[in-house]
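Remarks on the overall topology
Here are the chains, one letter per residue:
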Amino acid sequence: MLMSAVVASTKAQSQLAPYGRDPPNVFDGVLSNVAGSSEISTAQLRAALNDGSVIILDARPSEEYAVSHIPGARAVPAKAGTTPALYVGDAAEVAKTIPDKSQPLILYCNGLFCGRSERLADDLTKLGYRNVRRYQLGAPGWRALGGVMQVEKPALLRLLAQDATSVLIDGRGKAGLKPRLHNAVSIPVPEASQAKDDGRLPMIDHNTRIFVVGADGAEARAVAEAVVHDAFHNVTFFGGAITDLSELLEDEEG
């Protein structure tokens, strides 16, 4: 479905190429679904994240946000009384932290058939917000087009305990640094491709959960992006420091 949507978008743009315009790009594709708020493309979302003046809101439940969210996005508390099937974030809570109704907002959720961002966008518009757009490709589209996700500490600890197939990467620049992460493999940025050949990355299943930790969030993200660019699709990084994960550190005594 994602590719069908992109093909439909690129067909509409295909006549522009002879006139010197840039050719259609998969990162510019949108679903063009009918809703009260407009859509943006992956390229536009990346530009907004780099610009910093736009606020990105994750319209999913906080538990999903903790497992993996687009870096830089904010979580939104749940609206009271909603069911899982018709979940919607609380627009009133957004208004408490973002009182400026002219503030540009971008919402996303779980992709093609997810209505959470649409419902929240509608509620925000009713409250008077004038610049609300959606990244309807959502978390799945972001991943599919090479974007990494960020994991929060409680979810990281829980998923490592629950998923024995997951891979924990120590992305610090040198192997053997202390403190050491329990059951982690060392993969600095320059060794991402090499790790495919020496068994450090799970070549049998490229959808394996991969978590990256570094000396800080920036280092972890750099390694995560290198791993994603080597065709792994389920990669998240921890935004804090390795020393924030005392539960995962090996006992250095002896």
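It should be emphasised that the depicted structure is a prediction, and the values quoted were computed from it without experimental measurement. (Residues numbered from 1 in each chain as written. Predicted model: local features only at pLDDT ≥ 70, side-chain atom pairs only at ≥ 80, totals over all residues. Heavy atoms only, no water.)

This brings us to the overall build of the chain. Of regular secondary structure, the chain possesses 9 helices and 10 strands. Relative to the 2.2 N^0.38 estimate, which gives 18 Å for 254 residues, the radius of gyration of the chain is 20 Å and therefore close to what a compact globule would have. With the C-alpha coordinates aligned to their principal axes, the bounding extent of the chain is approximately 60 × 50 × 30 Å. Considering the chain as a whole, with its 254 residues, one finds that 44% of them fall into the buried category. Sequence-distant contacts in the chain: of pairs separated by 6 or more residues, those separated by 24 or more amount to 68%. Surface summary for the chain: the accessible area is close to 12700 Å², and the carbon and sulfur share equals 53%. (Helix = DSSP H or I, 4+ residues; strand = E, 2+ residues; numbered from the N terminus. Rg over C-alpha atoms; globule rule 2.2 N^0.38 Å. Buried < 20%, exposed > 50% of the residue type's maximum accessible area, 1.4 Å probe, protein only. Contact = heavy atoms within 4.5 Å. Areas by Shrake-Rupley, 256 points an atom, 1.4 Å probe, with all protein chains shown as cover.)

So, on to the packing of aromatic side chains. One pass over the structure, following the stated rule, counts 0 aromatic pairs. The ring centre of Trp 142 lies 5.8 Å from the NZ or CZ of Arg 46, which sits over that ring. If you follow Lys 101 out to its NZ or CZ, it ends over the ring of Tyr 129, 5.3 Å from the centre. (Phe/Tyr/Trp six-rings, centres within 6.5 Å; stacked < 30°, edge-to-face > 60°. Lys NZ or Arg CZ within 6 Å of the ring centre and 35° of its normal.)

For the rest of this paragraph, the subject is the pattern of salt bridges. In the structure shown here, the tally under the stated rule is 13 salt bridges. Close ionic contact of Asp 170 with Arg 172 constitutes a salt bridge, the shortest N to O distance being 2.7 Å. Here the two residues Asp 170 and Arg 172 agree in accessibility, since each one is buried. Connected through salt bridges with shared partners, the residues Asp 58, Arg 60, Glu 64 and Arg 116 form a single ionic network. (Salt bridge = Lys/Arg side-chain N within 4 Å of Asp/Glu carboxyl O.)

For the rest of this paragraph, the subject is the sheet that holds strand E10 (residues 235-238). Read across the sheet, 5 strands follow the order E6-E10-E9-E7-E8 without closing on themselves; strand pairing throughout is parallel. On the outer flanks of this sheet lie strand E6 (149-151) and strand E8 (184-186), each paired with one strand and no other. Ignoring strand direction, the axes of neighbouring strands in this sheet form an average angle of 35 degrees. Here strand E9 (residues 210-213) runs beside E10; their pairing, made up of 3 bridges, is parallel. If you follow Phe 211 over to E10, its bridge partner there is Thr 236. This element, helix H7 (residues 153-162), spans E6, strand E7 (167-170), E9 and E10 of the sheet and lies at about 130 degrees to E9. Set on the sheet, helix H9 (residues 217-228) makes contact with E7, E9 and E10; between it and E10 the angle comes to about 170 degrees. (Pairing = 2+ DSSP bridges. Axes fitted to C-alpha atoms, helices over the stretch in contact; angles between N-to-C directions.)

This part takes up the side chain of Arg 60. Within the secondary structure layout, Arg 60 lies in the loop between strand E2 (55-58) and helix H3 (62-67). Side-chain polar atoms of Arg 60 contact the backbone oxygen of Ser 68, separated by 2.5 Å. Within the structure, the side chain of Arg 60 is placed 3.4 Å from the side chain of Asn 110, a separation counted as a polar contact. Ignoring sequence-local partners within four residues, the contact set of Arg 60 consists of Tyr 65, Ser 68, His 69, Val 76, Tyr 87, Tyr 108, Cys 109, Asn 110, Arg 116, Ala 139 and Met 149. (Polar contact = N/O pair within 3.5 Å; in protein donor to acceptor, adjacent residues only side chain to side chain.)

This part covers the sheet that holds strand E4 (residues 105-108). With parallel pairing, the 5 strands of this open sheet are ordered in space as E1-E5-E4-E2-E3. Each edge of the open sheet is held by one strand with a lone partner, namely strand E1 (38-39) and strand E3 (74-75). Judged from the 2 bridges that link them, E2 and E3 form a sheet pairing that is parallel. Each residue of the ladder has a partner; that of Asp 58, found in E3, is Ala 75.

This paragraph deals with the environment of Arg 143. For Arg 143, the position within the fold is in helix H6 (residues 138-144). C-alpha separation for the pair Arg 143 and His 233, spaced 90 residues apart in sequence, amounts to 6.5 Å. Beyond its immediate sequence surroundings of up to four residues, Arg 143 is in contact with Ser 68, Met 149, His 233, Asn 234, Val 235 and Thr 236. Engagement of the side chain of Arg 143 in a polar contact is seen with the side chain of Ser 68, the distance being 3.3 Å.

The next point concerns the side chain of Ser 117. Mapping Ser 117 onto the fold places it in helix H5 (residues 116-126). For Ser 117, the side chain forms a polar contact with the side chain of Gln 136, separated by 3.3 Å. Other than its neighbours up to four places away in sequence, Ser 117 contacts Ala 59, Leu 107, Tyr 108, Cys 109, Arg 134 and Gln 136.

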